[in-house]
Amino acid sequence: MYAVFWVSALTLHALFSEAPVSLGLYVFYPLTIVVPGVVFALGLTFLVSQAVANRLLALLVLMGAFVLLVGYGGEMVGGVLDPLGLSLPAAWSEFTGLADAGGYLAQRGCWLALGVGCLVWSVSAFRRLPNCPRGVWRRSVAASCLVAGVLLGGVFVWRHEGRLVDRRAYKEAYKRY
């Protein structure tokens, strides 16, 4: 379904717009906006359904988590808790590129790594052969992905706080003159 939308948008842009078509942007945005959100939603769903035996309770927990994250996550610490990236500045300019590309990619990478970690952790919880060493390997990969996601989220928060400090300095300089 998304591929149909992507091809139709690309066709409309090529036929009816005077702006040049940049195929890189048509690949960049789905990879950075859609894929991390879908992987996180899928990973969290599998993890919660694996951990909670009651399906109704798992559904309620997931609905509550997504309402809190999507509804209020964009307002907290510059949008680090926004798994869909709705609060991120994602406009592309031919002159300046992406506004704060490092922070943008850190935030999207955070949710992608957390989603992969949740997926791998939920798969490692399935019953396997008792003496198979792969379970330990899967959990270590999952834990590494979860730690990488938290670290990328920390990079995003650090960059956001640095921008806030710069803004305060600019405000003080503006007030003096």
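Heads up: the structure comes first, above all this text.
Residues numbered from 1 in each chain as written. Predicted model: local features only at pLDDT ≥ 70, side-chain atom pairs only at ≥ 80, totals over all residues. Heavy atoms only, no water.

**Thoughts on the overall build of the chain**
Part 1 of the reasoning: Looking only at helices and strands, one finds five helices and two strands in the chain.
Part 2 of the reasoning: If you list the helices and strands of the chain from N to C, you get α-α-α-β-β-α-α.
Part 3 of the reasoning: The C-alpha atoms of the chain give a radius of gyration of 20 Å, which is well past the 16 Å a tight globule of 177 residues would have.
Part 4 of the reasoning: Expressed along its principal axes, the backbone C-alpha trace of the chain runs to roughly 70 × 50 × 30 Å.
Part 5 of the reasoning: Considering the chain as a whole, with its 177 residues, one finds that 27% of them fall into the buried category. (Helix = DSSP H or I, 4+ residues; strand = E, 2+ residues; numbered from the N terminus. Rg over C-alpha atoms; globule rule 2.2 N^0.38 Å. Buried < 20%, exposed > 50% of the residue type's maximum accessible area, 1.4 Å probe, protein only.)

**A few points about the pattern of salt bridges**
Part 1 of the reasoning: Within the structure shown, the criterion is met by two salt bridges.
Part 2 of the reasoning: When the shortest N-O distance is used, the salt bridge between Asp100 and Arg159 registers 2.5 Å. Taken as a pair, Asp100 in the loop between strand E2 (97–98) and helix H4 (101–124) and Arg159 in helix H5 (residues 134–176) lie far apart in primary sequence, 59 residues in all.
Part 3 of the reasoning: Its relative accessible area of 23% is what places Asp100 among the partly exposed residues.
Part 4 of the reasoning: Residue Arg159 is classed as partly exposed on the basis of its relative accessible area of 33%.
Part 5 of the reasoning: A salt bridge links Arg163 to Asp100, with the nearest nitrogen and oxygen atoms 2.4 Å apart. Taken as a pair, Arg163 in helix H5 and Asp100 in the loop between E2 and H4 lie far apart in primary sequence, 63 residues in all. (Salt bridge = Lys/Arg side-chain N within 4 Å of Asp/Glu carboxyl O.)

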